[in-house]
Amino acid sequence: MKKWLLALAALLASLGLFLWWAVLDGAAPSRAEGVFDLGAYRALVAEDSAAALPTEIRVEFVGGSPRPAFAIQAGALGSREIAYTSFQIIAPTGRTIIDAPVDRALGEAMTGKGFSFSDPSYERVLAAMANATIIAVTHEHADHIAAIARHPAPQTIAPRLALTSTQRDALAPLAPEAALPPAIAAIPTLSLSAPTRIGPGIVMIPAAGHSPGSVVFYVKTSAREYLFIGDIAWAMSNITDLTARPRLLHWLWPAVDTDRAQVLAQIRALHDLAGTEPELVILPAHDAAYLRGLIATGTLTEEFVP
Ligand SMILES: [Zn+2]
């Protein structure tokens with residue numbers, strides 16, 4: 001064979017290997033022990049009386065946009081609907097909000113074509129935040145914290161915020177004119193080095209990987225148990241198929257998956273947990289179709305109460 005032909009073959013092979021590595025490979029490791037310890041979270045809320053436990057989890061779909069499936073799950077084909085959500089945990093002792101999504105302007109700027117937005121839904125989130133006992137977020141990316149930075153009543157929501165310093169420090173660029181209201185800038189932050197009970201039936205768990213400030217919430221209601229996993233997986237199929245986002249995403253958006261090895265381990269751990277604890281409800285923040293399915297079965301309720 002001619003030399004140039006060999007060189008061309010080698011080049012094409014390397015290119016193919018690179019494309020596989022960048023776009024098609026999202027395989028989780030074969031083992032990941034001790035990543036999520038459900039027994040430890042249960043123990044933290046074991047003393048909570050049944051009467052104090054949350055009774056219901058509600059969800060708002062503030063917006064949505066179609067995404068190519070391969071960007072959500074390496075190697076997947078077609079298109080998937082990404083939802084921008086917020087969750088409300090209803091308990092006799094008060095309400096907890098998890099995730100504070102984008103408003104219309106920020107959502108349009110972030111996503112562009114095909115973006116849909118519900119003004120009434122966003123208004124319900126703002127109202128529920130003002131009436132919540134606790135406002136927390138799964139991580140410090142704009143689509144999970146923007147409604148804190150842009151809330152029309154910063155003085156009202158400030159005392160309710162339960163954020164780590166990493167999460168709080170990401171708020172300022174999202175505030176109107178990048179000026180974070182002083183009441184929010186001055187909040188005390190949580191130092192979260194271990195799973196911590198933040199209310200009856202609610203545990204906040206450090207889970208860096210997708211971002212340095214990522215956390216997971218374990219919630220025990222009177223009916224079942226939930227695990228709010230934020231953006232560890234953008235779709236439930238990442239967990240069932242043991243396949244993460246492609247590496248390409250991190251190169252395009254360096255804030256996504258700052259510790260990819262950790263995300264892959266978490267996906268493996270969630271997959272195993274889904275097998276050993278089939279009644280546990282795993283809640284990825286963005287999987288529109290899966291979350292709507294949970295509404296259909298009564299596992300979630302659509303629309304916040306004020
Ligand atoms: Zn997100």
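Not measured: the values here are computed from a predicted model. Think of each chain on its own: its residues are numbered from 1, step by step along the sequence as written. Per-residue local features are limited, in this predicted model, to residues with pLDDT of at least 70; the limit for side-chain atom pairs, both in listing and counting, is 80 or more; totals at the level of whole chains, interfaces and linings are taken over all residues. Each side-chain value is derived from all of the structure's non-hydrogen atoms; neither hydrogens nor water enter the calculation.

### Quick notes on the overall build of the protein
Argument step 1. By definition, any uninterrupted DSSP run of H or I lasting at least four residues is a helix, any uninterrupted run of E lasting at least two residues is a strand, and each is numbered from the N terminus. Of the regular secondary structure elements, the protein holds 13 helices and eleven strands.
Argument step 2. Radius of gyration: C-alpha atoms only; globule rule: 2.2 Å multiplied by the number of residues to the exponent 0.38. Against the globule reference of 19 Å for 306 residues, the protein gives a C-alpha radius of gyration of 20 Å, in line with a compact fold.
Argument step 3. Counting only C-alpha atoms and orienting by the principal axes, one finds that the protein spans roughly 75 × 45 × 35 Å.
Argument step 4. The buried share of the protein, taken over its 306 residues, is 53%.
Argument step 5. It only takes one pair of heavy atoms within 4.5 Å for two residues to be counted as in contact. Sequence separation of 24 or more characterises 70% of the internal contacts of the protein that already satisfy a separation of 6 or more. Three labels apply to residues, based on accessible area from a 1.4 Å probe with only protein chains included: buried if under 20% of the type maximum, exposed if over 50%, partly exposed otherwise in between.

### Some remarks on the nonpolar core
One recurring pattern in soluble globular proteins: nonpolar side chains tend to sit buried together.
Argument step 1. Throughout, nonpolar core names a set of buried Ala, Val, Leu, Ile, Met, Phe, Trp, Tyr and Cys residues whose side chains join them through atoms within 4.5 Å. Within the largest apolar cluster, 41 residues are counted, with the highest numbers of intra-cluster contacts made by Met129, Ile135, Ile148, Leu171 and Ile184.
Argument step 2. Among the elements of the structure, helix H3 (69-72), strand S2 (79-91), helix H5 (119-131) and helix H6 (142-149) are those that each provide at least two residues to this core.
Argument step 3. If you tally residues by element for this core, the top one is H6, at six residues.
Argument step 4. Those residues in contact with Leu171 that sit more than four places away from it in its chain are Ile145, Ile148, Ala149, Leu163, Leu180 and Ile184.
Argument step 5. Grouped together as the second largest cluster of nonpolar side chains are 28 residues, Val45, Val203, Ala233 and Ala269 included.

### Description of helix H12 (residues 260-276)
Spacing of three or four residues puts side chains on the same side of an α-helix, whose turn is 3.6 residues.
Argument step 1. Here the expected span of a helix is defined as 1.5 Å times the quantity of residues minus one. Compared with an ideal rise of 1.5 Å per residue, which puts 17 residues at 24 Å, H12 spans 24 Å between its outermost C-alpha atoms and is within 8% of the ideal.
Argument step 2. For H12, the set of buried residues is Arg260, Val263, Leu264, Ala265, Gln266, Ile267, Arg268, Ala269, Leu270 and Leu273.
Argument step 3. Against helix H2 (38-44), strand S9 (225-230), helix H10 (236-240) and strand S10 (281-284) lie the buried residues of H12.

### Some remarks on the coordination of the zinc ion
Argument step 1. With water omitted from the atoms examined, metal sites may look incomplete; donors here are N, O and S atoms no farther than 2.8 Å from the metal, or 3.2 Å in the case of Na, K and Ca. Of the protein atoms, only Asp143 (OD), His144 (NE2), Asp231 (OD) and His286 (NE2) coordinate the zinc ion, at distances of 2.0 to 2.2 Å.
Argument step 2. When four donors show all angles between 85 and 135 degrees the site is tetrahedral, when four or six donors have opposite pairs over 155 degrees and all other angles between 65 and 115 it is square planar or octahedral respectively, and in every other case it is irregular. If you look at the zinc ion, its four donor atoms make angles of 87 to 161° with each other, and the shape they trace is irregular.
Argument step 3. Here the donor residues for the zinc ion map to a single chain with the spacing D-H-x86-D-x54-H. With a gap of 142 residues between them, His144 in helix H6 and His286 in the loop between S10 and helix H13 (288-296) connect regions that are remote in the sequence. Grouping residues by exposure puts His144 and His286 together as buried.

### Let's talk about unusual backbone geometry
Argument step 1. Non-glycine residue Ala178 carries a positive phi angle of around 55°.
Argument step 2. Judged by relative accessible area, Ala178 falls into the partly exposed class, the value being 49%.
Argument step 3. The phi dihedral of Leu242 is positive, around 55°, even though this residue is not glycine.
Argument step 4. As for its position among the elements, Leu242 is in the loop between H10 and helix H11 (248-252).
Argument step 5. With a relative accessible area of 19%, Leu242 lands in the buried category.

### Examining the sheet that holds S9
Argument step 1. DSSP bridges decide pairing: two strands pair if at least two such bridges lie between them. Judged by pairing direction, the sheet is mixed, and its five strands sit side by side in the order S6-S7-S8-S9-S10 without closing on themselves. Each edge of the open sheet is held by one strand with a lone partner, namely strand S6 (196-199) and S10. Strand after strand, the sheet turns through a mean of 25° between neighbouring axes, direction not considered.
Argument step 2. Pairing between S9 and S10: four bridges, direction parallel. Across the sheet, Leu227 pairs through a bridge with Ile282, a residue of S10. What counts as an axis is a line fitted to C-alpha atoms, over the stretch in contact for a helix, and the angles between N-to-C directions run from 0 to 180 degrees.

### Description of the environment of Pro246
Argument step 1. By the secondary structure assignment, Pro246 is in the loop between H10 and H11.
Argument step 2. Taking the relative accessible area as the measure of exposure, Pro246 reaches 1% and is therefore buried.
Argument step 3. A C-alpha to C-alpha distance of 32 Å links Pro246 and Thr301, two positions 55 residues apart in sequence.
Argument step 4. If we ignore the near neighbours within four places in the chain, the residues touching Pro246 are Ala22, Val23, Asp25, Phe70, Ala71, Gln73, Ala74 and Arg260.

### Let's talk about the pattern of salt bridges
Argument step 1. One speaks of a salt bridge when a side-chain nitrogen belonging to Lys or Arg is within 4 Å of a carboxyl oxygen belonging to Asp or Glu. According to the stated counting rule, one finds 15 salt bridges in the structure shown.
Argument step 2. The partner of Arg104 in a salt bridge is Asp119, and the shortest N-O contact between them spans 2.9 Å. Taken as a pair, Arg104 in helix H4 (residues 104-111) and Asp119 in helix H5 lie far apart in primary sequence, 15 residues in all.
Argument step 3. Since its relative accessible area comes to 38%, Asp119 is described here as partly exposed.
Argument step 4. A salt bridge links Arg168 to Asp169; the nearest nitrogen and oxygen atoms lie 3.2 Å apart.
Argument step 5. Salt bridges here are not isolated pairs; linked through shared partners, they connect Arg42, Glu225 and Glu277.

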